[in-house]
Protein chains: 2
Amino acid sequence: MPMEMRSQGRPARGDGEVGRIRLLERTREALKAKPKIDLQRREIALAAGVTPALVSYYYPDKWDLLAAAAKPVIESYTAEVRAILGDEGSPHRKVLALTYLFIDFNFQHGYLLDFYLENSARMARQDDMRHLQEVYGEMMAFFDGLLRDGLMRGDSPAFIQASLWGLCKYVAQQPSLAGLGDAPERDAVLRAQAAKVCDLFLNGAATGSMAEMGGVDHRAPVLSALA
Amino acid sequence: MPMEMRSQGRPARGDGEVGRIRLLERTREALKAKPKIDLQRREIALAAGVTPALVSYYYPDKWDLLAAAAKPVIESYTAEVRAILGDEGSPHRKVLALTYLFIDFNFQHGYLLDFYLENSARMARQDDMRHLQEVYGEMMAFFDGLLRDGLMRGDSPAFIQASLWGLCKYVAQQPSLAGLGDAPERDAVLRAQAAKVCDLFLNGAATGSMAEMGGVDHRAPVLSALA
């Protein structure tokens, strides 16, 4: 009894939980592609293969649906961040594990976190925001520790974190990865990408000769040729 | 005679060029925020402060409007890429200049390039695609040259380019930059950001002690703790 054929909102007896779970799965897919804060109920219904009435039946408030779809993914992600930060391994190993997590998250869920942040702020979901801010704060403390211990250089843990996230987000969205199948092929490719990205992030793309060539002076007006 | 007050599509005599130029400017603004491939005519009209009828008057085909809005920005960007690649300066200087250009472009225009690529592909605008592919190819040749000359390390110029672009795109979208005023304050801040990003990109975030700690083996299954 395909959902597509039902014009009534209420699902058939026994279909309820399957329908709701499927709706949440398909909503996550719809959120993945682009940060569409204005995702319409009929688009979600179309993606889920159900009627807009069924969407309304389960979630009278569209934003409740979007939050319900995103929340388990976010909670799993923040739990993994905490597991990595609390791990016994070396700082190097933790940075590599975070790199893998960032790539895997962006590969699997695209813009879902961007959407969730915007949605939580818009809906003033204080608990959701507080949880994310706590985990973000723990990551900042980790990078700040690396700066203080002289293991990383720079003046801002936020810049460190944003740089690693930006690298991972973009690498995870490369068209060359789009055709990846399911695990274990996907895991192997993403692990190799994580190792490359982590290496670039920690050690840079330049060899010694290039680094010597320019030196780096943050205050130098070296870009005057562009002006 | 504000455009907002006119319910007719056709502009008043003498308003034509101003109206069209303003429409293109506002359309670029609407494209900046998010990669909204499904941007509606009424949203553009709302953002531009004109009627949907006026939008249709100038651009009967919505996609022509979006392409017309994006094209001059893209052409200015590709001209700057070519100017940098053809510059007399050192490779280090060129990478720094590309970093500044990537940050400035993403700061000013957000997702406009993503949109343009999707739109050009969808509309089969062969000339637009070919031009971008040519300039992309020239960037690849530049990075490939750095790899061959031993100034950079790695196996793929595409990975190098994607990494730098991803870093710049994310750094440019940081909330802390959102409140920047116009030049010269903006230029100074973006130049400082470019210097930091270029330094991170070329030399890495780690100090020697961190780099020694882990070594980096691209084949090592170091992430087994996450599995």
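What you are looking at is a predicted structure, and each value in this text was computed from that prediction instead of being measured. (Residues numbered from 1 in each chain as written. Chains lettered and ligands numbered in written order. Predicted model: local features only at pLDDT ≥ 70, side-chain atom pairs only at ≥ 80, totals over all residues. Heavy atoms only, no water.)

Asker: Is there a simple way to explain the side chain of S163 of chain B in this structure?
Answerer: Among the secondary structure elements, S163 of chain B is positioned in helix α8 (residues 157-172). Accessibility expressed as a relative area gives 1% for S163 of chain B, which makes it buried. Here the side chain of S163 of chain B touches F159 of chain B through a polar contact of 2.7 Å, landing on its backbone oxygen. Excluding anything up to four places from it in sequence, S163 of chain B contacts L167, V171 and L200 of chain A together with F201 of chain B. (Helix = DSSP H or I, 4+ residues; strand = E, 2+ residues; numbered from the N terminus. Buried < 20%, exposed > 50% of the residue type's maximum accessible area, 1.4 Å probe, protein only. Polar contact = N/O pair within 3.5 Å; in protein donor to acceptor, adjacent residues only side chain to side chain. Contact = heavy atoms within 4.5 Å.)

Asker: Sorry, what's going on with the packing of aromatic side chains here?
Answerer: The geometry of an aromatic ring pair is captured by the separation of the ring centres together with the interplanar angle, meaning the angle of the planes. Scanning the entire structure with this criterion turns up 10 aromatic pairs over all chains. Geometrically, the ring pair formed by F102 of chain A and W165 of chain A is edge-to-face, given 4.9 Å between the ring centres and 70 degrees between the ring planes. Here the residue F102 of chain A occupies a position in helix α5 (residues 91-109), and W165 of chain A occupies one in helix α8 (residues 157-172), the gap between them amounting to 63 residues. Relative accessible area serves as the criterion here: at 4%, W165 of chain A is assigned to the buried category. With a centroid separation of 6.2 Å and an interplanar angle of 65 degrees, the aromatic rings of Y77 of chain B and W165 of chain B are classed as edge-to-face. Taken as a pair, Y77 of chain B in helix α4 (residues 62-85) and W165 of chain B in helix α8 lie far apart in primary sequence, 88 residues in all. With respect to burial, Y77 of chain B and W165 of chain B carry one shared label: buried. Taking the ring centre of Y100 of chain A as reference, the NZ or CZ of R191 of chain A above it sits at 5.2 Å. Of note, K196 of chain B hangs over the ring of F159 of chain A, and the distance from its end group to the ring centre comes to 4.4 Å. (Phe/Tyr/Trp six-rings, centres within 6.5 Å; stacked < 30°, edge-to-face > 60°. Lys NZ or Arg CZ within 6 Å of the ring centre and 35° of its normal.)

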